[in-house]
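Architecture and fold: a report
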Amino acid sequence: MSYDESIAIVGRPVGLTTALTLARRGVPCVVFESADEIAREQRGAAFHPPTLEIFRKLGIEADLTRMGIRIPVWQMRDSSQGVYAEFDLGTLSALTDFPFRFHLPQHYLSSLLLDVLRTLPNVELRFGEKLESVSTDGASATLKLRSAQGSSKVRVPWVVGADGARSMVRKSAGFGFEGFTWREKFLVTNVAMPMEPLGYTGTAYVSDPDHWAVVLKLYDDSHPDLWRVAMPADPDVDDAVLLAPANVQARLRETLGVDMHFPLAYSGTYRVHQRVADTFVRGRILLAGDAAHINNPIGGFGLNGGVHDAFNLGTKLAEVWHGRAGAELLELYSRQRRTVAVEVVQKNSIRNKKTMEERDPQVRRQNQQALHAISLDPDKSREFLLDSSMIASIRRADAIT
Ligand SMILES: Cc1cc2nc3c(=O)[nH]c(=O)nc-3n(C[C@H](O)[C@H](O)[C@H](O)COP(=O)(O)OP(=O)(O)OC[C@H]3O[C@@H](n4cnc5c(N)ncnc54)[C@H](O)[C@@H]3O)c2cc1C
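To keep things clear, this report deals only with the structure shown in the data block.

Rules used throughout
- Residues numbered from 1 in each chain as written.
- Predicted model: local features only at pLDDT ≥ 70, side-chain atom pairs only at ≥ 80, totals over all residues.
- Heavy atoms only, no water.
- Pairing = 2+ DSSP bridges.
- Helix = DSSP H or I, 4+ residues; strand = E, 2+ residues; numbered from the N terminus.
- Contact = heavy atoms within 4.5 Å.
- Axes fitted to C-alpha atoms, helices over the stretch in contact; angles between N-to-C directions.
- 1 Å grid on protein atoms, 1.4 Å probe; cavity = no way out; pocket = protein on both sides within 12 Å on 5 of 7 lines; lining within 4 Å.
- Points joined across faces, edges and corners; volume = space filled by probe spheres on them.
- Nonpolar A, V, L, I, M, F, W, Y, C, P; charged D, E, K, R; others polar.
- Buried < 20%, exposed > 50% of the residue type's maximum accessible area, 1.4 Å probe, protein only.
- Phe/Tyr/Trp six-rings, centres within 6.5 Å; stacked < 30°, edge-to-face > 60°.
- Polar contact = N/O pair within 3.5 Å; in protein donor to acceptor, adjacent residues only side chain to side chain.
- Near = heavy atom within 4 Å.

Strands belonging to one sheet form pairs held by backbone hydrogen bonds; the direction of such a pair is parallel or antiparallel. In space, the 6 strands of this open sheet follow the order 8-2-1-12-19-18, with mixed pairing throughout. Two strands close off the open sheet at either side, each with one partner strand: strand 8 (123-127) and strand 18 (281-282). Contacting strand 1 (7-10), strand 12 (158-161) and strand 19 (285-287), helix 8 (residues 302-321) runs over the sheet at an angle of about 175° to strand 12.

Given below as structure tokens:
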């Protein structure tokens with residue numbers, strides 16, 4: 001089948017965001033997704049202010065923020081000393097209409113995007129179709145797909161690989177994906193109980209050499225009080241042992257320093273990588289989201305960065321598609337978003353993890369004192385928040401020409 005005019009996009013939620021950016025600019029697209037439907041995902045759940053600004057430009061912010069939780073103040077804690085710094089995003093209210101972190105699991109975003117895309121005449125959604133390979137002849141790209149009905153081929157002028165960390169688009173087209181994998185696994189749990197009585201604001205980063213944690217209040221329409229606690233786990237221990245309820249309870253007790261039984265709603269483990277593709281564009285093939293860059297989730301940069309890619313790419317690709325710009329504009333996309341992925345997201349996510357797990361008590365104390373001092377100084381606090389809320393990364397990308 002030939003889609004002579006349509007941009008092919010593989011994956012979601014970054015893929016659906018790319019599709020909406022293109023469709024809003026009059027560009028036809030076809031989205032391929034191997035899953036049949038949007039399942040609940042225990043992954044991205046925290047959005048930063050610039051991401052909400054993008055959703056407003058795409059016309060979905062009002063519907064999105066009817067759900068979710070706004071977190072204006074977030075914490076840095078030490079496992080034994082408690083809170084050592086609090087940051088109030090209200091400090092940024094002159095710079096953004098969204099001076100808070102916004103917590104909403106990513107499947108809600110995907111579902112909303114899908115609802116909107118279904119109403120648009122220039123978008124075709126082909127769920128239940130898995131990409132097997134992509135090739136290009138310089139003037140177009142050909143996708144080989146498999147579904148329950150059998151295999152098919154489509155030819156398109158451009159393809160966007162937003163098909164996640166194991167991207168077939170990236171592998172098939174031969175992009176490099178250098179970086180490293182952290183030794184430990186992450187143990188992610190959801191507990192169905194309020195954590196405000198324990199002193200937590202909606203986001204907290206807890207430092208400890210062995211028992212560090214990210215504690216996050218989750219939005220869920222079936223649980224009023226659901227919190228995620230993500231902790232490190234021994235990679236040499238089987239998942240069956242790590243995920244045994246008694247082990248999870250023990251890990252939560254030692255991590256949170258509270259002797260109680262936790263009402264568990266979910267437990268899972270996953271491996272964490274730091275990798276960036278060698279380029280985000282190769283001829284007719286483009287990468288966005290986790291297909292292009294992956295990082296540890298401390299700081300909540302992964303999906304946010306993917307949405308920033310999607311909007312940047314969709315805007316530029318629309319200009320190229322309409323013939324108002326040459327394909328070199330896509331090289332600018334790659335330069336802007338790859339630079340930010342390397343210089344900001346990789347650097348900050350690695351730094352965040354190292355700060356939380358610092359073993360040397362003196363270095364740990366110095367780090368905490370420095371962050372405490374920043375949190376008390378309005379100018380330094382604003383600078384710090386510009387960085388951690390990804391406003392600085394958008395500005396950095398825009399400054400690259
Ligand atoms: C525990 C955890 C917490 C996180 N928290 C945050 C957070 O708070 N904030 C944040 O910004 N990020 C967070 N992240 C990262 C975030 O989840 C990812 O960055 C995000 O999911 C990337 O979106 P994506 O659309 O690029 O890829 P994915 O979400 O991986 O989606 C890729 C899609 O492509 C489809 N696909 C794959 N291969 C094929 C194929 N061959 N053919 C067709 N379809 C295919 C898949 O079915 C999938 O739907 C977290 C991650 C984890 C694990």
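With antiparallel pairing, the 3 strands of this open sheet are ordered in space as 3-7-4. Strands with a single pairing partner mark the edges of an open sheet, and in this sheet they are strand 3 (46-47) and strand 4 (69-71). Where strand 3 meets strand 7 (residues 101-103), 2 bridges bridge the pair, whose relative direction is antiparallel. Each residue of the ladder has a partner; that of Phe47, found in strand 7, is Phe102.

Before going further, it helps to examine the environment of Val206. Tracing the backbone shows Val206 in strand 14 (residues 203-207). When residues no more than four places from it in sequence are discounted, the contact partners of Val206 are Arg77, Asp78, Ser79, Tyr200, Trp212, Ala213, Val215 and Met356.

Further remarks concern empty space enclosed by the protein. Inspection of the entire model under this criterion finds 1 cavity of 30 Å³ or more. Considered as a void within the structure, the largest cavity measures approximately 40 Å³ in volume. Examining the composition of the lining of the largest cavity, we find that 4 residues originate from one element, helix 9 (residues 328-357), more than from any other. Split by residue class, the lining of the largest cavity holds 4 nonpolar, 2 polar and 2 charged.

Our next topic: helix 1 (residues 14-24). The element helix 1 is extensively covered by neighbouring structure, given that 10 of its 11 residues are classed as buried. Those residues of helix 1 lying buried are Val14, Gly15, Leu16, Thr17, Thr18, Ala19, Leu20, Thr21, Leu22 and Ala23. In the stretch just after helix 1, Gly26 is the one whose phi turns positive, near 80°.

Before going further, it helps to spend a moment on the packing of aromatic side chains. Within the structure shown, the criterion is met by 11 aromatic pairs. Between Trp74 and Phe87, the aromatic rings sit 5.1 Å apart at their centres with planes inclined by 35°, giving tilted as the arrangement. Of the two residues, Trp74 is situated in strand 5 (residues 73-78) and Phe87 in strand 6 (residues 82-88); the sequence distance between them amounts to 13 residues. Residue Phe87 is classed as buried on the basis of its relative accessible area of 0%. Taking 6.2 Å as the distance between ring centres and 50° as the angle between the ring planes, the aromatic pair formed by Phe280 and Tyr333 counts as tilted.

The next point concerns unusual backbone geometry. For the bond running from Arg12 to Pro13, omega is 10°, close enough to zero to count as cis. Looking at the element boundaries, Pro13 is found in the loop between strand 1 and helix 1. Phi is positive for Met390, which is not a glycine, with a value near 70°. Here Met390 shows up in the loop between helix 11 (378-388) and helix 12 (391-399). Overall, Met390 belongs to the buried group, its relative accessible area being 2%.

So, about the side chain of Arg126. Of note, Arg126 is situated in strand 8. The class for Arg126 is buried, based on a relative accessible area of 9%. Of the polar contacts made by the side chain of Arg126, one reaches the side chain of Glu129; its length is 2.7 Å.

Neighbouring residues of the ligand: 31 residues in total, closest Arg12, Glu33, Leu131, Asp290 and Leu303. In this structure, Arg43 approaches the ligand through a side-chain N or O atom, which is 3.0 Å from an oxygen atom. At a separation of 3.2 Å, an oxygen atom of the ligand approaches a polar backbone atom of Ala45. Where the shell around the ligand is concerned, the elements lending two or more residues are strand 9 (130-136) and helix 8. Examining the composition of the shell around the ligand, we find that 3 residues originate from one element, helix 8, more than from any other. Residue composition of the shell around the ligand, by class: 13 nonpolar, 10 polar and 8 charged.

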